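Here is how the chains run, residue by residue.
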Amino acid sequence: MRPRARLIAAAFAAVLVGGVASPAAAGTSTVSAEAGAEVDSNVERVETGPGLDTATTATYVVRLGARLDHKGRAAGGGYGLTLSNLSRLVPDDQVSTESVTALAGNLRWLHGVHERPVLLGGNVTAVDSQGVVADVGARTFRNLGADALLVLRSGDERSLTLGFGVRDFVYKPDHQFDWTGPAASARLEMILWQPASKTRSLELVTTLGFEARAFDGVALINDCPPNAPADPGCSATTDIQRLDRYSRAGIELTWVGKQVAAIGYQLALIDSNSFGQSLARHRITASATVPASKRVFLTLLMSVQLDQYLDGLVVRRDLQSQQFTNIEDENRSSIQLRAARKLGGEWSLEGRAAIWRNLAGNLMELDFHRELVYLGIVYGK
C-alpha cells in the first residue's frame, strides 16, 4: 500500500474508532461514514473555449468519508469537536493529481457569563487537503483559523454570534496565492414563526464576514496599450504586495416541517490592488427535501451564480473568491438531485445526479460542462 493510501486508511479508521469509543467518554457523540463510486464527465473541472487547449476527461471516482461529532463539557463551559476525512480517489493515472484527501477538525468552546444570556469562548479550525498519488494534488490547500467568540441570546428564538480572529491560507499548487490576515464575522439566527408544538418552524439566518488578505505574491497592473481591450497576456507584475479586502453577506430562509425547504442569497466582494482580481459574485441557492415514502427521501438543490469581473478581465478565474473549506467546493451554477433510502439500523443507500454550468458573467466565452452520477452506502450512529 502506498504511503498516502495508508494515511487515508489511518485517518478514516481514526474517525470511526473515535466515534465507536466515544460513548464511554463524557458527553455525546455521533459518527458517520460513507463509501461509494461515481462517474464524472469532467474530473479535472477544466473550462473549454476559444484559445484554450483543454479537453475534459471522463472517468470513475471512488469516494470515502468519515465524520465524528462530539459534545461535552470542560473548564465550566460546553464544547463541540468535529473531526472528518473526505477522500476522492481517481484510478486513471492520466489524472492522478485529482486523487486528493482532506483532513479537517473544528473545536468550539463557549462559557456562560453568570445568569446573563451571554456566552464567551473561542473557535479553532483546520483543513488540510493533500495529494494521494502526486506530491501536490489538484486544488490542494491548507486553511487554518482561530476566533474569539461572543454569543448574545434572546431565549431560544434569537442568537447573534460575533467572531474576531485570524486566517492562514496555503495554496499548494502555487504559493503566490498564499495569504494571511485578520477576519471578522457575524451570524444572526432567528425563529420567525413556530407553533406551541414546535413541529414546524420558519427560520432566518443572516451572515456577514470580512477578511483582510495579505498575499505572498505581488500585485499586477494593466500593461496593455492605451484604449486596447483588456487581455491577460499583457498584464505585468509589480514589486507591490497583493492586498485584498474580501467581504461577504448572506441571507437564508428555511422552512422545517414534514418537508424542509430553504432559499438563500450570498454576495461576495473582492476589492484587490491587483489588476484583474477584483470580483463581485452573486449566488442564489434553493433546496427542498421531501419524503417519497417511509424509507425514501428526495432532495433537490439548485444554485445560480453570476460573476462580475470589476476590472473587465478574467485572471485565474478558478481561484476567484473560493472559500476552500473542503475538496467539494463548487463555484458554478448547478442542479443536483439526491435520493436516500433507509436500509435498516444505521445503514442507508444514497444516490446523486448533478450538472454544473457557466450560466452568466463569462466575459471570455469560456464553457464549463460537468455531469456526475454517484451511488454509495452510508453508516450513521
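Cut-offs applied
Residues numbered from 1 in each chain as written. Predicted model: local features only at pLDDT ≥ 70, side-chain atom pairs only at ≥ 80, totals over all residues. Heavy atoms only, no water. Helix = DSSP H or I, 4+ residues; strand = E, 2+ residues; numbered from the N terminus. Salt bridge = Lys/Arg side-chain N within 4 Å of Asp/Glu carboxyl O. Contact = heavy atoms within 4.5 Å. Pairing = 2+ DSSP bridges. Polar contact = N/O pair within 3.5 Å; in protein donor to acceptor, adjacent residues only side chain to side chain. Buried < 20%, exposed > 50% of the residue type's maximum accessible area, 1.4 Å probe, protein only. Phe/Tyr/Trp six-rings, centres within 6.5 Å; stacked < 30°, edge-to-face > 60°.

Student: How should unusual backbone geometry be read in this particular structure?
Tutor: Across residues other than glycine, the phi torsion is negative in most instances, and most of the peptide bonds are trans. Look at histidine 114: it is not a glycine, yet its phi comes out positive at around 50 degrees. Among the secondary structure elements, histidine 114 is positioned in the loop between strand 4 (100-112) and strand 5 (118-131). The phi torsion at arginine 139 lies on the positive side, around 55 degrees, for a residue other than glycine. Residue position: arginine 139 is located in the loop between strand 5 and strand 6 (141-154).

Student: Looking at this structure, I do not really get the pattern of salt bridges. What am I missing?
Tutor: Should their charged atoms come close, side chains of opposite charge can pair. Going through the model one piece at a time under the given rule, you end up with 18 salt bridges. Residue arginine 139 is joined to glutamate 98 by a salt bridge in which the shortest nitrogen-to-oxygen separation is 2.7 Å. Of this pair, arginine 139 sits in the loop between strand 5 and strand 6 while glutamate 98 sits in the loop between strand 3 (77-89) and strand 4, placing them 41 residues apart in sequence. Look at the salt bridges and you will find they share partners, linking Asp40, Arg88, Glu98, Arg139 and Arg370 into a network.

Student: What exactly am I supposed to notice about the environment of leucine 337 here?
Tutor: One can find leucine 337 in strand 14 (residues 333-344). Measuring from C-alpha to C-alpha, the distance between leucine 337 and arginine 352 comes to 5.7 Å, with 15 residues separating the pair along the chain. Contact partners of leucine 337, with chain neighbours within four places excluded, come to Thr299, Leu300, Gly351, Arg352 and Ala353.

Student: Even after reading the chapter, I still don't get the pairing of strand 6, so can you show me in this structure?
Tutor: Strand residues, when the strand is regular, have side chains that alternate between the two faces of the sheet. Where strand 5 and strand 6 come together, eleven bridges link them in antiparallel fashion. The residue of strand 6 that forms the bridge with leucine 119 is valine 151. In terms of strand pairing, strand 6 meets strand 7 (residues 158-171) through 14 bridges, oriented antiparallel. For alanine 146, the partnering residue across the bridge sits in strand 7 and is valine 166. The antiparallel pairing of strand 6 with strand 7 creates a hairpin that spans three residues between the two strands, and glycine 155 there sits at a positive phi of about 65 degrees.

Student: Explain the environment of arginine 357 here, please?
Tutor: Examined against the element boundaries, arginine 357 turns out to sit in strand 15 (residues 347-357). Along the chain, arginine 357 and serine 334 lie 23 residues apart, while their C-alpha atoms are 6.3 Å from each other. What arginine 357 contacts, discounting residues up to four positions off in sequence, is Arg332, Ser333, Phe368, His369, Arg370 and Glu371. Within the local environment of arginine 357, its side chain forms a polar contact with the side chain of histidine 369, the two groups lying 3.1 Å apart.

Student: Honestly, the side chain of serine 333 in this entry has me stumped. Any pointers?
Tutor: For serine 333, the position within the fold is in strand 14. Residue class for serine 333 comes out buried when judged on its relative accessible area of 4%. A polar side-chain atom of serine 333 sits 2.8 Å from the main-chain amide nitrogen of glutamine 305. If near-sequence neighbours (up to four positions away) are discounted, serine 333 is found in contact with Ser303, Val304, Gln305, Ile355, Trp356, Arg357 and Leu359.

Student: Is there a simple way to explain the packing of aromatic side chains in this structure?
Tutor: One pair of aromatic rings is described through two measures. These are the centre distance and the angle between the planes. This structure, assessed with the given rule, holds five aromatic pairs. Plain terms: the ring middles of tryptophan 193 and tryptophan 255 are 6.0 Å apart, the flat faces sit at 10 degrees to each other, and that makes the pair stacked. Residue tryptophan 193 is located in strand 8 (residues 179-193), and its partner tryptophan 255 is located in strand 10 (residues 235-256); the two are separated by 62 residues in the primary sequence. Look at tryptophan 255 and you get partly exposed, because its relative accessible area is 30%. Here the aromatic cluster, defined as three or more aromatic residues joined through ring pairs, consists of Phe141, Phe169 and Trp179.

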